[in-house]
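Spelled out, the chains give:
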Amino acid sequence: CADSIDARGDLNLNGIANEIADAVIYTQYFLVGITAFPEIGLNGRQAAIAASDVNADGHTLTIGDLVYLIRIISGDALPYAKLSPFAQDVNVRFDGKVVATESNVNIGAVLLTFKVGEDFKVTNLTNLTLGQSLTAGELKVLLYDISTKSIGSGLRELVRTEGQAELVTAEVADYNGNILTSKLAEGATLPTTFALGQNYPNPFNPETVIEFALPTTGEVSLKIYNVTGQLIRTLVSGNTPAGYHQIRWDGRDANGSDVSSGVYFYK
C-alpha cells in the first residue's frame, strides 16, 4: 500500500501505533466486522486494514496480529521483522459440547465461528477473555487477553457449548502472534449441509480466505472468475474429504501473475 497509510499498529488512525485503543478496535473487528474500523481521512478503512498487519507477516486482519499487538502493549515484545505464519499445526476438536486445541506451542488467541440454533450458550474454560457476537445464526467467539496470559501447549479445553451448534471455522495464533495451521481433528463434528462461505477479508490485499463445507467426501472444484465470466484460476479440483475447509487465494491468476484490482467471483 501507499507509504502514506502504511502505519503498522495504528488501527484507530490517531498517529500513535500499538496502544490499548488499537487493541480494543481490533477485538471488535473480529466480532462485528469491518465497521469496527474508523472512516477517517481520504483512505479511511483501507488505512486501518493496512495498519492491521502488526506482526509483519504479510497477512492483514488475523488474530496473530491481535496477539502480537497485545505482546507489544504488555511490554513483552517489540515490533520486529517477519514472523513465520502457518509454520506449525494445531488440532481443533469439537465433540458437540467442548472445543479443545492440541498444539506444541502456547496459544495467544482463538477465533471460533459456530452455526447455532436458539437457546445457545457458550462457557469460557480458559483464563483468557471471551468476547462473542451473534448475527443471523452465526456466532463468533474470540478468546484473547490484554495481558501476558496464554493457553498452554498440549491438549486444552477452550469452551463448553450448550444447545445446537456446528463449529464452522477455527483460527488460532500462538503466543508470539504466529498464525497456526488449524486442522479439525477426529472427533470434531462434520457439517450437515454443503456450504460455500463468504470470503474474508473482503475487500482484500494481498490475499483472502474462502471457506466451504462438505458433509460427505466428494469431487470438488473451486474456481475464480472475473466479471466477464473468464476463468482466472482453479484453486481446488479433485476428491476432497468431508469437513470444513479453508482455501487462501493470493490474488494471482493461473500463470502466477497478480490480477488487476476489481471484482471477482468464486464458484
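The written sequence of each chain sets the order in which its residues are numbered from 1. The predicted origin of the model limits local features to residues at a pLDDT of at least 70 and limits the giving and counting of side-chain atom pairs to 80 or more, whereas totals for whole chains, interfaces and linings rest on all residues. Each side-chain value is derived from all of the structure's non-hydrogen atoms; neither hydrogens nor water enter the calculation.

Novice: Before we move on, could you go through the nonpolar core and cite the residues and values that matter?
Specialist: Of all hydrophobic cores here, the largest spans 26 residues; its most connected members are Y26, F30, F37, V54, I63, L66 and L142. Helix and strand labels come from DSSP, where a helix needs a run of H or I of at least four residues and a strand needs a run of E of at least two; each type is numbered from the N terminus. Counting only elements with at least two residues in this core, the list comes to helix 1 (20-32), helix 2 (45-51), helix 3 (63-73), strand 3 (107-116) and strand 6 (138-144). For this core, the element with the highest residue contribution is helix 3, accounting for 7 residues. In what follows, a contact means two residues having at least one pair of non-hydrogen atoms within 4.5 Å. Each residue touching L142, except ones within four places of it in the same chain, is listed here: T27, F30, L31, I63, L66, V110, L111, T129, L130 and G131. If you look at the next biggest cluster of nonpolar residues, it comprises 24 residues, including V99, F120, L128 and L158. Take the buried residues of types Ala, Val, Leu, Ile, Met, Phe, Trp, Tyr and Cys, join any two whose side-chain atoms come within 4.5 Å, and each joined set is a nonpolar core. The buried label applies to any residue whose accessible area, calculated with a 1.4 Å probe on protein chains only, is under 20% of its type's maximum; exposed applies above 50%, and partly exposed to all values in between.

Novice: Quick one: what's the story with the pattern of salt bridges, residue by residue and with numbers?
Specialist: In the sections that follow, a salt bridge refers to a side-chain nitrogen of Lys or Arg positioned within 4 Å of a carboxyl oxygen of Asp or Glu. Counted according to the given criterion, the structure contains 7 salt bridges. Among the ionic pairs, E138 bridges to K115, the shortest N-O distance being 3.6 Å. Residue E138 is located in strand 6, and its partner K115 is located in strand 3; the two are separated by 23 residues in the primary sequence. Where R248 meets E207, a salt bridge forms, and the shortest distance between an N and an O atom there is 2.9 Å. Highlighted residues: R248 in strand 14 (residues 243-249) and E207 in the loop between strand 10 (195-196) and strand 11 (208-214), separated in sequence by 41 residues. Connected via shared salt-bridge partners are R233, D250, R252 and D258.

Novice: Now, about the sheet that holds strand 3: what can you tell me, with residues and values included?
Specialist: Should DSSP find at least two bridges between two strands, the strands are taken to pair. Spatially, 9 strands are ordered 4-7-2-1-9-8-3-6-5 in an open sheet, and the strand pairing comes out mixed. Of all the strands in the sheet, the pair left with one neighbour each is strand 4 (121-124) and strand 5 (129-135). Within this sheet the neighbouring strands show an average axis-to-axis angle of 25 degrees, counted without direction. As defined by bridge partners, strand 1 (residues 89-94) adjoins strand 2 (residues 98-103) across 4 bridges and the pair is classed as antiparallel. If you follow F94 over to strand 2, its bridge partner there is V99. In this analysis an axis means a line fitted to C-alpha atoms, helices contributing only their contacting stretch, and an angle means the value between N-to-C directions, from 0 to 180 degrees. Seen against the sheet, helix 1 touches strand 3, strand 5 and strand 6 and runs at an angle of roughly 155 degrees to strand 6. Strands strand 3, strand 6, strand 8 (165-174) and strand 9 (179-184) of the sheet are contacted by helix 3, whose axis makes an angle of about 45 degrees with strand 8.

Novice: Break down the side chain of S103 for me, with residues and values.
Specialist: Mapping S103 onto the fold places it in strand 2. According to the relative accessible area criterion, S103 is buried, its value standing at 6%. Side-chain atoms alone can form a polar contact between residues adjacent in sequence; in general such a contact is a pair of N or O atoms within 3.5 Å, and within protein one must be able to donate a hydrogen while the other accepts it. Side-chain polar atoms of S103 contact the backbone oxygen of V105, separated by 2.8 Å. Those residues within four positions of S103 in sequence are excluded, and the remaining contacts are D89, V90, S153 and G154.

Novice: Which residues make up the sheet that holds strand 14, and what are the values?
Specialist: Across the sheet, which stays open at both edges, the 3 strands sit in the order 10-11-14 with antiparallel pairing between neighbours. In the strand order of this sheet, the two ends are held by strand 10 and strand 14, each with one partner. Strand direction decides the pairing type here: strand 11 and strand 14, joined by 7 bridges, are antiparallel. Bridging across to strand 14, L214 finds its partner in G243.

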